[in-house]
Amino acid sequence: RGRPAAMEAREPLRDVRGALRAVLARLREGEPGEGREPFELPRFWDALGQTFQVTSQEATKLSLAFSRPPLPSAEDCRKLSEDVQNAILAVATVYYWLPKGQGTTLRKMVRDATTEVVEGMIQLTDTILNGPEESMSQEQLISTGGVWEACEQVSNLPRDNQAAVVSALAACLGVVKDAVEEMEHALVEGQDPYGDIMEDEELGFRGNRDTYWSEADRQLLSSCMGLMKASKACLKKVLAAVKAHGKADSPEQIAQLDDLADIANEISPSVDELALSMYPPVNPLAVRLNAAKLASVLKKVLEIAKASHVCPPSEESWVQFLTGAVDHNMNKVKNFTQGQL
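Position numbers for residues count from 1 along each chain, tracking the sequence in the order it is written. Selection of residues for local features in this predicted model requires a pLDDT of at least 70, selection of side-chain atom pairs for listing and counting requires 80 or more, and totals for whole chains, interfaces and linings are taken over all residues. Heavy atoms from the whole structure form the basis of all side-chain values; hydrogens and water molecules are not counted.

So, the overall build of the chain
Right, so step 1: A count of helices and strands for the chain gives eleven helices and zero strands.
Right, so step 2: Here a strand is any run of E in DSSP of at least two residues, a helix any run of H or I of at least four, and the numbering for each starts at the N terminus. Starting at the N terminus and ending at the C terminus, the chain contains elements arranged as α-α-α-α-α-α-α-α-α-α-α.
Right, so step 3: Among the 341 residues that make up the chain, the fraction classed as buried is 47%.
Right, so step 4: When the accessible area of the chain is evaluated, it comes to approximately 17400 Å², of which 53% is carbon and sulfur surface. Between buried and exposed lies partly exposed: a residue is buried under 20% and exposed over 50% of the maximum accessible area for its type, with that area taken using a 1.4 Å probe on protein chains only. Method for areas: the Shrake-Rupley scheme with a 1.4 Å probe, in which residue coverage is limited to the protein chains shown.

With respect to the nonpolar core
Right, so step 1: One finds M228, V242, I267 and M278 to be the most contacted residues of the largest nonpolar core, which totals 53 residues.
Right, so step 2: Sorting the residues of this core by element identifies α6 (161-187), α7 (215-245), α8 (251-264), α9 (267-277), α10 (284-307) and α11 (316-337) as the ones contributing at least two each.
Right, so step 3: Of the residues forming this core, the biggest block, 13 residues, is contributed by α7.
Right, so step 4: Residue contacts for M278: discarding those within four places in its chain leaves M183, L187, W213, L221, C224, M225 and M228.
Right, so step 5: To form a nonpolar core, buried Ala, Val, Leu, Ile, Met, Phe, Trp, Tyr and Cys residues must be joined to one another through side-chain atoms within 4.5 Å. Among the nonpolar cores identified, the runner-up in size contains 43 residues, and L24, L106, L124 and L129 belong to it. Working rule for contacts: check all heavy atoms of both residues, and any pair within 4.5 Å makes them a contact.

Considerations on the packing of α7 against α10
Right, so step 1: α10 packs onto α7 with a crossing angle of 20° between their chain directions and a minimal axis gap of 10 Å. The orientation of α7 relative to α10 falls into the category roughly parallel. As α7 packs across α10, the resulting crossing turns out to be left-handed. Where α7 abuts α10, its residues L220, C224, L227, M228, A230, S231, C234 and V238 lie against P284, V287, A291, L294, A295, L298, V301, L302 and A305. In this analysis an axis means a line fitted to C-alpha atoms, helices contributing only their contacting stretch, and an angle means the value between N-to-C directions, from 0 to 180 degrees. An angle below 35 degrees is treated as roughly parallel, one above 145 as roughly antiparallel, one from 65 to 115 as roughly perpendicular, and anything else as oblique. Definitions for this section: a left-handed crossing has its near helix turned counterclockwise from the far helix by less than a right angle. A right-handed crossing has that turn clockwise.

Some words on the packing of α6 against α7
Right, so step 1: Relative to each other, α6 and α7 sit at 160°, their axes nearing to 9 Å. If you check the angle between α6 and α7, you find them roughly antiparallel. Considering how the two elements wind past one another, α6 and α7 form a crossing that is left-handed.
Right, so step 2: Asp, Glu, Lys and Arg are counted as charged, while Ala, Val, Leu, Ile, Met, Phe, Trp, Tyr, Cys and Pro are counted as nonpolar; the rest, among them Gly, fall into the polar class. Of the residues assigned to the contact of α6 with α7, the class counts are 18 nonpolar, two polar and seven charged.

Points about the packing of aromatic side chains
Right, so step 1: Note on aromatic pairs: the rings of Phe, Tyr and Trp (six-membered ring only in Trp) are paired at centre separations within 6.5 Å, and the planes decide the class, stacked below 30 degrees, edge-to-face beyond 60, tilted for the rest. The final tally for this structure, using the stated rule, is four aromatic pairs.
Right, so step 2: With 5.8 Å between their ring centres and 50° between their planes, F39 and F44 make a pair best called tilted.
Right, so step 3: Its relative accessible area of 25% is what places F39 among the partly exposed residues.
Right, so step 4: Every member of this aromatic cluster is reached through a ring pair, and the members are F39, F44 and W45.
Right, so step 5: A cation sits over an aromatic face here: R159 above W45, 4.2 Å from the ring centre. Either the NZ atom of lysine or the CZ atom of arginine qualifies as a charge over a ring when it sits within 6 Å of the ring centre and within 35 degrees of the ring normal.

Digging into the confidence of the model for the chain
Right, so step 1: Each residue carries a pLDDT value, the predictor's own confidence for that position, ranging from 0 to 100. Of the residues in the chain, 89% have a pLDDT of 70 or more, and the chain-wide mean is 91.
Right, so step 2: Taken element by element, the predicted model of the chain shows its lowest mean pLDDT in helix α1 (residues 5-29) (88) and its highest in α8 (98).

Quick word on unusual backbone geometry
Right, so step 1: Cis peptide bonds are those with omega within 30 degrees of zero, and the linkage from P69 to P70 qualifies with -5°.
Right, so step 2: Within the secondary structure layout, P70 lies in the loop between α2 (41-65) and α3 (74-97).
Right, so step 3: Here the bond from P280 into P281 is cis, since omega is 0°, no more than 30 degrees from zero.
Right, so step 4: Within the secondary structure, P281 is located in the loop between α9 and α10.

Describing α6
Right, so step 1: In a regular helix each residue adds 1.5 Å, so 27 residues correspond to 39 Å; α6 covers 39 Å between its end C-alpha atoms and thus fits that length.
Right, so step 2: Two or three places before Q162, at the opening of α6, D160 has a side-chain oxygen 3.1 Å from that residue's backbone nitrogen. By this rule, a helix spans an expected 1.5 Å times one less than how many residues it contains. Pairs of N or O atoms are called polar contacts if they sit within 3.5 Å, as long as, within protein, a hydrogen donor faces a hydrogen acceptor (for residues adjacent in sequence, only side-chain-to-side-chain pairs).

So, a negative patch on the surface
Right, so step 1: Patch membership requires over 30% relative accessible area and the absence of a salt bridge. Like charges are linked within 9 Å, and nonpolar side chains (Val, Leu, Ile, Met, Phe, Trp, Tyr) within 5 Å. By definition here, a salt bridge exists when the distance from a side-chain nitrogen of Lys or Arg to a carboxyl oxygen of Asp or Glu is within 4 Å. The positive count covers Lys and Arg only, the negative count covers Asp and Glu only, and His and the chain ends enter neither. Positions of charges follow a simple convention, taking NZ of Lys, CZ of Arg, CG of Asp or CD of Glu. Taken together, D178, E181, E182, D272 and E273 make up a surface patch of like negative charges.
Right, so step 2: Elements with a contribution of two residues or more to the negative patch: α6 and α9.
Right, so step 3: Broken down by element, the negative patch gets its largest block of residues, three residues, from α6.
Right, so step 4: Following the sequence through the fold, D178 ends up in helix α6.

With respect to α10
Right, so step 1: Given a rise of 1.5 Å per residue, 24 residues ought to cover 34 Å, and the 34 Å separating the end C-alpha atoms of α10 matches this to within 8%.
Right, so step 2: Every buried residue of α10 is accounted for by P284, V287, R288, N290, A291, L294, A295, V297, L298, V301, L302 and A305.
Right, so step 3: On the buried face of α10, the contacting elements are α7, α8, α9 and α11.
Right, so step 4: Here α10 starts with a cap whose side-chain oxygen sits 3.0 Å from the backbone nitrogen of L285, and that cap is N283.

Pasting the structure below:
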């Protein structure tokens, strides 16, 4: 007995799924070639936009073919599969045109968008291969919409490394803002940081030193708060400077922007580490270590900004002010923890 016709018809889709998985693996680890011909950003964006659009259309065609009887013939399925595969290969090929020299921050964002399109298409072929034969499943509808959304992302991508770094810094700032607000909220005078989870008076946790801040803790933590607020101010100022003065015209400018984005990316994890160590029971040495780590990241951000084209003389006063603020708060942390060493 031969296999059912439906299985037969979908066979080419299995091959495509395998091919797409290989493309995805290469994208995830791969370093694109340094394009040989002179690279032009506008041409790149036109080409990328077109390949994303074609992919969206192929997803629609594929999904419709498997949404109602009669199922496509083996021949039709082969043709559909080939078109899908070619569309995805074209997307990957155009991504590989983008040389590293255009900026690693930009490249990462374009790579993420490209990866999402390929993942979306793999997901769609999966739902068709595993779904009911004669009708469109809910999963298939959702997967098709997923490919459309991933393909539309191309219009929101930053168009050069300056725009990419602005968007990366804005994302960091959002995360740090939230962390600062959360900590400020927890530190409100007299508030029990664990109040919401330890309502039960029976358990007698209230008198337990592990659930509240002592006066000494609070003094130490106010300097830590100073460092967290300085982190927010740093990101805010650097973001404004990149918006106002950042350029992506020369390799040097592009590289300076990447350096800024890379070091700014370390701020939010360092803020989180410090915040975690601030909850009771407070271990002053752990707090001091995490504060020192954050302070050194902030000093580095300020140094890199100051040495770059985004800081003309007009920006130097805030760099100096924030450097002073970081040192001032870090010295206070050191003084409060001196007895612990």
